[in-house]
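Each chain, letter by letter, is given below.
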Amino acid sequence: MKTTQNTILITGGSAGIGFEIAKQFDQKGNHVIITGRSEDRLKKAAAQLKNVTAIVCDVTNEEEINGLVDRLYADFPNLNILINNAGNAFYYKLEAEANAFDKAREEMLTNYLSIIRLTEKLIPLLGKQENSAIVNVSSIVAFAPSHTLPTYAASKAALHSYTQSLRITLERSSTTKVFELMPPLVNTDFSQAIGGANGIAPSVVADDLLNALENDEYEIHVGDTAQIYALSLSSPASALAAMNG
């Protein structure tokens, strides 16, 4: 998969991992389309990039997604990479009165269901391109959940399963490649409530993604994710203990 001269949509591209990915692709001569819910944050992000289109869009809002898709088909017929990065997480424990249902509903909609909706709508457009790819950003907790991110972990496990099924399907019906980016804890504004200051830099995640695209490495285990993944295969109980120590 080439990493230059692409037209790339990055949801949640105004900050954190999404912005770092946008920045690195921008530096390599790609056109990046970034979306997010905050117009102010998008404007600030776009001001730091050269070849960018910023579109206000909430991935959980069906009407806004339909508008985004219509614009992509009309204005960006060469779109060939979709990066599903937008996410939501609640840091809590499954205790009485945790309001877990409402938290899980928001996480599942953002981290899983909205990805299915957007991806399905863009598969025909991606399929028209000579080189195309879908990148789903999941997490280390897809393999071993953290008890302080219980329903977030469940949403990422669901995304991991969906991504595998999507990869098999598109391998048999098109040339679109399906990648899964699985970061550990990353130091972003999004992660500060769960100790993000101790995480890796977003640039490490973006570097690993670009390298994996160039080498067609479909499951991208960034940093500690590689160790947890290996441990989950040899001893699931040990992987679970390592994530909840």
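Residues numbered from 1 in each chain as written. Predicted model: local features only at pLDDT ≥ 70, side-chain atom pairs only at ≥ 80, totals over all residues. Heavy atoms only, no water.

Where an unreviewed UniProt entry is consulted, the protein appears under the name SDR family NAD(P)-dependent oxidoreductase, with the organism given as Spirosoma foliorum. Check the Sequence similarities (unreviewed entry) section of the UniProt entry for the protein; it says "Belongs to the short-chain dehydrogenases/reductases (SDR) family." (UniProt positions renumbered as here; feature names shortened; annotations may be inferred.)

Time to look at the nonpolar core. Ranked by internal contacts, the top residues of the largest apolar core, which has 29 residues, are Ile-21, Phe-25, Ile-83, Leu-181 and Leu-209. Every element with two or more residues in this core is listed here: β1 (7-10), α1 (16-27), β2 (31-36), α2 (39-46), β4 (81-84), β5 (133-137), β6 (177-182) and α6 (202-215). Broken down by element, this core gets its largest block of residues, 6 residues, from α6. If we ignore the near neighbours within four places in the chain, the residues touching Ile-83 are Ile-8, Leu-9, Ile-10, Thr-11, Ile-21, Phe-25, Val-135, Val-137 and Leu-209. Ile-33, Leu-72, Tyr-162 and Val-178 belong to the second largest nonpolar core, which has 26 residues in total. (Core = buried A, V, L, I, M, F, W, Y, C linked by side-chain atoms within 4.5 Å. Buried < 20%, exposed > 50% of the residue type's maximum accessible area, 1.4 Å probe, protein only. Helix = DSSP H or I, 4+ residues; strand = E, 2+ residues; numbered from the N terminus. Contact = heavy atoms within 4.5 Å.)

Two numbers describe how helix α3 (residues 62-75) lies on helix α4 (residues 100-127): the axes approach to 11 Å, and their chain directions differ by 15°. Overall, the two elements α3 and α4 adopt an arrangement that is roughly parallel. The handedness of the crossing between α3 and α4 is right-handed. When α3 is examined against α4, the residues Glu-62, Ile-65, Asn-66, Leu-68, Val-69, Leu-72 and Tyr-73 are found in contact with a partner set consisting of Arg-117, Leu-118, Lys-121, Leu-122, Pro-124 and Leu-125. A class-by-class count of the residues in the contact of α3 with α4 yields 9 nonpolar, 1 polar and 3 charged. (Axes fitted to C-alpha atoms, helices over the stretch in contact; angles between N-to-C directions. Parallel < 35°, antiparallel > 145°, perpendicular 65-115°, else oblique. Left-handed = near helix turned anticlockwise from the far one by under 90°. Nonpolar A, V, L, I, M, F, W, Y, C, P; charged D, E, K, R; others polar.)

Think of it this way: side chains of opposite charge can pair up when their charged atoms draw near. Enumeration according to the criterion identifies 7 salt bridges in this entry. Across the pair Arg-71 and Asp-75 runs a salt bridge whose closest N-O atoms are separated by 3.5 Å. Linking Arg-71 with Asp-75, this pair stays in helix α3, spanning 4 residues, or about one helical turn. By relative accessible area, Arg-71 is classed as partly exposed at 35%. For Lys-177, the salt bridge goes to Asp-216, with nearest N and O atoms at 2.9 Å. With Lys-177 in strand β6 and Asp-216 in the loop between α6 and β7 (219-221), this pair connects stretches of sequence that are 39 residues apart. (Salt bridge = Lys/Arg side-chain N within 4 Å of Asp/Glu carboxyl O.)

With respect to burial, β2 is a largely interior element, 6 of its 6 residues being buried. Side-chain alternation along β2 places His-31, Ile-33 and Thr-35 on one buried face and Val-32, Ile-34 and Gly-36 on a second face that is also buried. Bridge count between β1 and β2: 4 bridges; the pairing is parallel. Residue pairing for β2: Leu-9 is matched across the bridge by Ile-33. Handedness of the β1-α1-β2 crossover: right-handed. Taken together, the 5 bridges between β2 and strand β3 (residues 52-56) define a ladder with parallel strand orientation. Within β3, the position partnered with Val-32 by the bridge is Val-52. (Pairing = 2+ DSSP bridges. Right-handed = clockwise from strand over helix to strand, strands pointing away.)

So, about the sheet that holds β6. In a beta sheet, neighbouring strands are held together by backbone hydrogen bonds and run either parallel or antiparallel to one another. With parallel pairing, the 7 strands of this open sheet are ordered in space as β3-β2-β1-β4-β5-β6-β7. At either end of the open sheet lies a strand with only one pairing partner, and these are β3 and β7. Looking at each pair of strands side by side, their axes are set apart by 15° on average, direction ignored. Relative to the sheet, helix α5 (residues 150-173) contacts β5, β6 and β7, its axis offset from that of β6 by approximately 160°.

Bringing the environment of Ala-74 into the picture now. On the secondary structure map, Ala-74 appears in helix α3. Linking Ala-74 and Phe-19, residues 55 residues apart in sequence, is a C-alpha distance of 24 Å.

It is worth spelling out the packing of α1 against α6 at this point. Between α1 and α6, the least distance of the axes is 8 Å, while the angle of their chain directions is 55°. Classed by the angle they form, the pair α1 and α6 counts as oblique. By crossing handedness, the relation of α1 to α6 is classed as right-handed. Contacts from Gly-16, Ile-17, Glu-20, Ile-21, Gln-24 and Phe-25 of α1 reach α6 at Pro-202, Ser-203, Val-205, Ala-206, Asp-207, Leu-209, Leu-210 and Leu-213. For the contact of α1 with α6, the class distribution of residues is 9 nonpolar, 3 polar and 2 charged.

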